[in-house]
Amino acid sequence: MSSMRSLLLAAAQNRWLREHASRYWFVRGTVSRFMPGETLDDALGAAEALRSKGIGTVFTHLGENVKDRAEAQQVTEHYMGVLRRIRESGLPAEISVKLTQLGLDLSPDLCFEHLKAIVERAQKDSVVWVDMEASNYVDATLDLYRRALTAHPNVGVCLQAYLHRTKDDLAKLLPLRPSIRLVKGAYNEPPEIAFARKQDVDENYLELGKQMLRAKRENRSVRAAFGTHDVALIRRLAEFASAEGFRKKDFEVQMLYGIQRAEQERLASEGCTSIVLVSYGDYWYPWFVRRLAERPANLWFMVRNVFAA
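Quick summary incoming for the structure in this document. From a predicted model like this one, the values you see are computed outputs, not experimental measurements.

Quick look at the overall build of the chain
Looking only at helices and strands, one finds 13 helices and eight strands in the chain. A burial count over the chain gives 54% of its 309 residues as buried. Long-range pairs, those at least 24 residues apart, make up 74% of the contacts in the chain between residues at least 6 apart in sequence. Accessible surface, the chain: about 14,100 Å² in total, of which carbon and sulfur atoms supply 51%.

Quick look at the structure:
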């Protein structure tokens, strides 16, 4: 299974596959399981359906590694438009941005100005989430996050449990009273940088999650969100939170659209904070293949699409 994951992660970075695979109907059919459509209106419609079930939404416009200043500016303006639509609709929704989409590869200062503009446009009682990308971007991402957090408490960051460094990163962030979304990680990293075994990733995730919950209980963090579809891990963290005296609504889980829908609804029905990340846009191929790599069994879903025609 680890070999399949490595193969998929390599495929996610392949330009030829990105340009050609998205043309095949069975690939697009499988993608529809994980995203409601390519437009913001598609995403807003999905958020309305989720709201009826007591589930919140985080929107992300797919894209990364922007190398053109005008395009980075367009992405920034797009997200400010998304925030306006959220306010107008009254949706319980936030946004999550990739810094390379805001121009990090061009200039950290330019990227920061774009991030600052977005955060200042957001409602103060919501969080603008900063996604974490491959390991070579961690230092730059955390530097920009700290800059933003010193002026704006309504900004959060994603940390990846499969990286060896994340325990230290978390410890350094907690004095700043951050908002953190913890994920396992979805990039192809060497063993000297990331845990190779799933068991080690899971154990690190659980320990980091407990540290996040303790910090929240002690008012050393604003939000502690768990971005995972691992039901067993979610339940272990929920049990820990309960033992620590957390109210149900203070236990927050963020999952991807279309994955573990029953668990999303169960959490919401029990009073936990259940949030779904809704992705949209036409640059979905790398993101989609990384989703397959997180759970290669999803490949069988794509195969079934081929033979169901």
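There is more to say after this.
What to know about the pattern of salt bridges
Applying the stated criterion to the full structure yields 27 salt bridges. A salt bridge links Asp-200 to Arg-197; its shortest N-O distance comes to 3.0 Å. The class for Arg-197 is partly exposed, based on a relative accessible area of 47%. Note that Glu-218 and Arg-220 form a salt bridge whose closest N and O atoms lie 2.8 Å from each other.

Quick notes on the sheet that holds strand β3 (residues 128–130)
If you trace the eight strands once around the closed barrel, you get β1-β2-β3-β4-β5-β6-β7-β8, paired in parallel fashion. Ignoring strand direction, the axes of neighbouring strands in this sheet form an average angle of 30 degrees. Bridge count between strand β7 (residues 252–256) and strand β8 (residues 273–280): five bridges; the pairing is parallel. Paired with Met-255 across the strands is Val-276, a residue of β8. Sheet contacts for helix α4 (residues 40–51): β1 (56–61) and β8; angle to β8, the most-contacted strand, approximately 160 degrees.

Re the packing of α4 against helix α5 (residues 69–89)
At their nearest, the axes of α4 and α5 sit 12 Å apart, and the two run at 35 degrees to each other. Where α4 crosses over α5, the two elements pack in a sense that is right-handed. The residues of α5 that touch α4, namely those facing Leu-40, Asp-41, Leu-44, Glu-48 and Arg-51, are Val-82, Arg-85 and Ser-89. Residue composition of the contact of α4 with α5, grouped by class: three nonpolar, one polar and four charged.

A look at the packing of helix α7 (residues 138–151) against helix α8 (residues 166–173)
For the pair α7 and α8, the least separation of the axes is 12 Å and the interaxial angle reads 10 degrees. Taken as axis vectors, α7 and α8 run roughly parallel relative to one another. Along its contact with α7, which presents Val-138, Leu-142, Tyr-145 and Arg-146, the element α8 presents Asp-169, Lys-172 and Leu-173. Looking at the contact of α7 with α8 residue by residue, the class counts come to four nonpolar, no polar and three charged.

Some words on the packing of aromatic side chains
Summed over the entire model, instances satisfying the criterion amount to two aromatic pairs. Ring geometry for Tyr-205 against Phe-226: centres 6.4 Å apart, planes inclined by 50 degrees, an arrangement best described as tilted. Residue Tyr-205 is found in helix α9 (residues 198–217), and its partner Phe-226 is found in strand β6 (residues 223–226); the two are separated by 21 residues along the sequence. Relative accessible area serves as the criterion here: at 0%, Tyr-205 is assigned to the buried category.

Some thoughts on α4
The end-to-end C-alpha separation of α4 is 16 Å, in line with the 16 Å expected for 12 residues at 1.5 Å each. Among the residues making up α4, those that are buried are Leu-40, Ala-43, Leu-44, Ala-46, Ala-47 and Leu-50. Around the axis of α4, the buried residues are gathered within 160 degrees of arc, so they sit on the same side. Those residues of α4 hidden inside the fold are in contact with β1, α5 and β8.

Thoughts on the side chain of Glu-189
Checked against the element boundaries, Glu-189 lands in the loop between β5 (179–183) and α9. Other than its neighbours up to four places away in sequence, Glu-189 contacts Ala-134, Ser-135, Tyr-162, Leu-163 and Ala-194.

Focus: the nonpolar core
Phe-59, Ile-95 and Ile-118 are the most contacted members of the largest nonpolar core, which totals 78 residues. In terms of residues, this core owes the most to one element, α9, which gives seven residues. When near neighbours in sequence (up to four residues on either side) are disregarded, Ile-118 contacts Thr-76, Tyr-79, Met-80, Leu-83, Ile-95, Val-97, Leu-102 and Val-128. The next biggest cluster of nonpolar side chains, apart from the first, holds 10 residues, and it includes Val-127, Trp-129, Leu-256 and Ile-259.

How each quantity is defined
Residues numbered from 1 in each chain as written. Predicted model: local features only at pLDDT ≥ 70, side-chain atom pairs only at ≥ 80, totals over all residues. Heavy atoms only, no water. Helix = DSSP H or I, 4+ residues; strand = E, 2+ residues; numbered from the N terminus. Buried < 20%, exposed > 50% of the residue type's maximum accessible area, 1.4 Å probe, protein only. Contact = heavy atoms within 4.5 Å. Areas by Shrake-Rupley, 256 points an atom, 1.4 Å probe, with all protein chains shown as cover. Salt bridge = Lys/Arg side-chain N within 4 Å of Asp/Glu carboxyl O. Pairing = 2+ DSSP bridges. Axes fitted to C-alpha atoms, helices over the stretch in contact; angles between N-to-C directions. Left-handed = near helix turned anticlockwise from the far one by under 90°. Nonpolar A, V, L, I, M, F, W, Y, C, P; charged D, E, K, R; others polar. Parallel < 35°, antiparallel > 145°, perpendicular 65-115°, else oblique. Phe/Tyr/Trp six-rings, centres within 6.5 Å; stacked < 30°, edge-to-face > 60°. Expected span 1.5 Å × (residues − 1). Arc of directions from axis to C-beta. Core = buried A, V, L, I, M, F, W, Y, C linked by side-chain atoms within 4.5 Å.

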